[in-house]
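# What the coordinates show
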There are 4 protein chains.
Amino acid sequence: MSDDAILEVPERSGTVDIDSAITGAQFERLVREHMGESSRFSFRVEELRRGHCRIRLHFDKAQLRPGGTIAGPVMFTLADTVLYAMTMSVAGLEPLAVTTDLTLHFLRKPGPVDLIGVGRLLKASGRRLMGDVAIFSDGEERPVAHATGAYALPPRSATESS
Amino acid sequence: MSDDAILEVPERSGTVDIDSAITGAQFERLVREHMGESSRFSFRVEELRRGHCRIRLHFDKAQLRPGGTIAGPVMFTLADTVLYAMTMSVAGLEPLAVTTDLTLHFLRKPGPVDLIGVGRLLKASGRRLMGDVAIFSDGEERPVAHATGAYALPPRSATESS
Amino acid sequence: MSDDAILEVPERSGTVDIDSAITGAQFERLVREHMGESSRFSFRVEELRRGHCRIRLHFDKAQLRPGGTIAGPVMFTLADTVLYAMTMSVAGLEPLAVTTDLTLHFLRKPGPVDLIGVGRLLKASGRRLMGDVAIFSDGEERPVAHATGAYALPPRSATESS
Amino acid sequence: MSDDAILEVPERSGTVDIDSAITGAQFERLVREHMGESSRFSFRVEELRRGHCRIRLHFDKAQLRPGGTIAGPVMFTLADTVLYAMTMSVAGLEPLAVTTDLTLHFLRKPGPVDLIGVGRLLKASGRRLMGDVAIFSDGEERPVAHATGAYALPPRSATESS
């Protein structure tokens, strides 16, 4: 059985920052300045549209685990970062938005190259947003992992007073 | 915040049974003949291609729960049925394939109309297949639920001897 | 490799309705009167304490799927019902509480006997509750399925006006 | 609504390495020697029994995210590490065992202290193991996160030849 009819990595649309409440550059800066752990990784927002996001995570040898594949927590970090960016593409700068749940399926062993996370929001009404993220190895057609997850925005009063 | 940039229900491609290891009609017959619980629901395979499937679940008042929305188990049944059909679109008739895990997110309250499940496989190599399913209310643009899940094929010897 | 060190079915505590905001009998009545789909199944609340619940789902031949095991949607229904009862054990009668997400892992094939769902809440503050449910086949020590999931209570104003 | 009936952090049993196929010290050494990313964190196996594991992750300022709470990927890493240790408590040294899926629910914001992950296997037969992990902040009674996930052992031939 082969994988010949499976979801393939989408083309880059070439559009950037269209209709998004923040720009990719703003998001990169926010993560660099505020995040502890995640900021160790070097990444670039390749696309950010309202409800859509594509992020490239640059490969680093520290990401490897036994067997020469990229470790699970690295893929979690990428998926979570894509969801965080999509949340802000709709809600604006909300650094205190938090993940409420995240489900990851690991599909193939990613080799020692960049990872690309491609996400879409599935719900963005109210204070809870939900989306999914397909993760690809650069140069490969088939996803190496898939995530679904939700973000909650802080209560409005908390936002207003912060 | 509005939902104006969210995944929309895809157009029907009009193609049916393309490149699939079984036809939609074969799948409908298998479920009708073999499944207990699920077969109470009336459904139609609107598309079945290798790794892709679209199923319409006909509305029935017995599907409602308090508040007038369709009950969660009904959406679970539809998601699971789409994954089952996609599994066979690649693996052929494998009635003993089993769900290993399924994650459902409920996004909006579906009104008393048909549900449409649109699925795609994300992995189909080996004996384990994984995919996702977006569920829509007929006539609505935004998904009411989203599922990811995996199926395992029975060990080959079991298949050969059955 | 054997399963000799795995979670076993807990003893019934013998205590019922302790510290719970509703009684098991109240919950059974609510489901019987209001739920469409779920009420087809016959079940009994064997324990309901604040944040804990044990429900027995009576076996019925209609629950079977190919291979003679109980179908996935039946286990989903049981898990969801246990979460619903635990929600009300803390929040009181809230028939409009809704599932926001549910993750099911299927572990063993349940034979044609009663299923027992044993749940515990993991979070019950705010308007969102989260818990897990282990599902056992009557007479077997090891779980046949495991679920985690969350319920959201309706906004307070909606509750007050209903 | 208060959290007064929720799962509390279990007492340490005081037993270590009972009936486990590897010792906690062996596991700590394996992670230190082989894992890239994960080994940046300092952790201690406080208990390792067959199908049960308790690991303490030492707090480090690099783990924080905006708002002063510990970042999601850190909790993912702890949950995944507990599942990895429990897998080896049953299967022996299997560094090439891989996560197939992991679902995380975030329940409370963990303050700047050690995290404690307490896991139990729910299935350990065959080549696929499944378990759950409750994560606590040191000194707090209620869990801050909950994970369920599965590990797959490499095919036997791969193991034998490695």
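Structural data are supplied above this passage.
Right, let's walk through the structure included here.

About the thresholds
Residues numbered from 1 in each chain as written. Chains lettered and ligands numbered in written order. Predicted model: local features only at pLDDT ≥ 70, side-chain atom pairs only at ≥ 80, totals over all residues. Heavy atoms only, no water. Least-squares fit on C-alpha atoms with pLDDT ≥ 70 in both. Contact = heavy atoms within 4.5 Å. Helix = DSSP H or I, 4+ residues; strand = E, 2+ residues; numbered from the N terminus. Buried < 20%, exposed > 50% of the residue type's maximum accessible area, 1.4 Å probe, protein only. Buried area = accessible area lost by both parts, 1.4 Å probe. Salt bridge = Lys/Arg side-chain N within 4 Å of Asp/Glu carboxyl O. Nonpolar A, V, L, I, M, F, W, Y, C, P; charged D, E, K, R; others polar. Phe/Tyr/Trp six-rings, centres within 6.5 Å; stacked < 30°, edge-to-face > 60°. Pairing = 2+ DSSP bridges. Axes fitted to C-alpha atoms, helices over the stretch in contact; angles between N-to-C directions. Parallel < 35°, antiparallel > 145°, perpendicular 65-115°, else oblique. Left-handed = near helix turned anticlockwise from the far one by under 90°.

Turning our eyes to something else, we now look at the relation of the copies chain A and chain D. When chain A is fitted to chain D, the best match, at an RMSD of 0.0 Å, comes from turning it 180° and sliding it 0.0 Å along the axis. The superposition of one copy onto the other is thereby described by a two-fold rotation axis. Taking C-alpha positions as reference, the residue of chain A nearest the rotation axis is T103(A), located at 2.1 Å. Interface overlap between copies: 100% of the residues of chain A at the interface are likewise at the interface in chain D, consistent with a symmetric, same-surface contact.

Residue and element names in this part refer to chain C. As for its placement among the helices and strands, A62 is situated in the loop between β2 (52-57) and β3 (64-65). Residue A62 is classed as partly exposed on the basis of its relative accessible area of 35%. C-alpha of A62 to C-alpha of P73: the two residues are eleven residues apart in sequence and 12 Å apart in space.

What follows deals with the interface of chain B and chain C. How large an interface is tends to be reported as the accessible area lost when its parts come together. Tallying the contact residues gives 34 residues for chain B and 34 residues for chain C. Of the roughly 2,600 Å² buried at the junction of chain B and chain C (both faces included), carbon and sulfur atoms supply 59%. Connecting chain B to chain C are zero salt bridges. Mapped onto the side of chain B that touches chain C, the elements with two or more residues apiece are β3 (64-65), α2 (72-91) and β5 (98-106) of chain B. Looking at which element gives the most residues to the side of chain B that touches chain C, the answer is β5(B), with nine residues. Per-class residue counts for the side of chain B that touches chain C are 17 nonpolar, eleven polar and six charged.

Moving on, we get to the packing of aromatic side chains. On inspection of all chains with the given rule, the structure shows 18 aromatic pairs over all chains. Aromatic rings pair up to connect F27(A), F43(A), Y84(A) and Y151(A) into one cluster.

The next point concerns the relation of the copies chain B and chain C. Once turned by 180° and shifted 0.0 Å along the axis, chain B lies on chain C with an RMSD of 0.0 Å. Mapped onto chain C, 100% of the interface residues of chain B again fall at the interface, so both copies present the same surface.

This paragraph deals with the sheet that holds strand β2 (residues 52-57) of chain D. The strand order across the open sheet formed by twelve strands is β1(A)-β2(A)-β6(A)-β7(A)-β8(A)-β5(A)-β5(D)-β8(D)-β7(D)-β6(D)-β2(D)-β1(D), and the pairing between neighbours is antiparallel. With partners counted over all chains shown, the strands left at the sheet margins are β1 (43-49) of chain A together with β1 (43-49) of chain D, one partner each. On average, adjacent strands in this sheet sit at an angle of 20° to one another, irrespective of strand direction. Across five bridges, the pairing between strand β5 (residues 98-106) of chain A and strand β5 (residues 98-106) of chain D is antiparallel.

What follows covers the packing of helix α2 (residues 72-91) of chain A against helix α2 (residues 72-91) of chain D. Orientation of α2(A) relative to α2(D), taken along the N-to-C sense of each, is 150°, at an axis distance of 9 Å. Judged by the angle between their axes, α2(A) and α2(D) are roughly antiparallel. Between α2(A) and α2(D) lies a crossing of right-handed hand. Contacts from G72(A), P73(A), F76(A), T77(A) and D80(A) in α2(A) reach G72(D), P73(D), F76(D), T77(D) and D80(D) in α2(D). Residues belonging to the contact of α2(A) with α2(D) are distributed by class as follows: four nonpolar, four polar and two charged.

Looking now at the sheet that holds strand β1 (residues 43-49) of chain C. Read from one edge of the open sheet, twelve strands run β1(B)-β2(B)-β6(B)-β7(B)-β8(B)-β5(B)-β5(C)-β8(C)-β7(C)-β6(C)-β2(C)-β1(C), paired in antiparallel fashion. Edge positions in the sheet fall to β1 (43-49) of chain B together with β1 of chain C, since each has one partner strand and no second. Sheet twist, expressed as the average angle between the axes of neighbouring strands with direction ignored, equals 20°. Relative to strand β7 (residues 128-137) of chain C, strand β6 (residues 115-123) of chain C is paired through eight bridges, and the arrangement is antiparallel. Opposite R120(C), over in β7(C), you have D132(C) as the bridge partner. Against the sheet, helix α1 (residues 24-34) of chain C contacts β1 and β2 of chain C, and its axis sits at roughly 140° relative to β1(C).

For the coordinates displayed, the defined rule picks out 36 salt bridges over all chains. The salt bridge partner of R54(B) is E46(B), with a shortest N-O separation of 3.0 Å. Of the two residues, R54(B) and E46(B), neither departs from the other in class, the shared state being buried. The shortest N-O distance in the salt bridge between D101(D) and R128(B) comes to 3.8 Å. Taken together, the residues span two chains, with D101(D) in strand β5 and R128(B) in strand β7 (residues 128-137). Grouping residues by exposure puts D101(D) and R128(B) together as buried. Within the structure, one salt-bridge network assembled from shared partners comprises E46(A), R54(A), R56(A), D114(A) and D138(A).

Any functional reading would require information beyond the geometric quantities listed.
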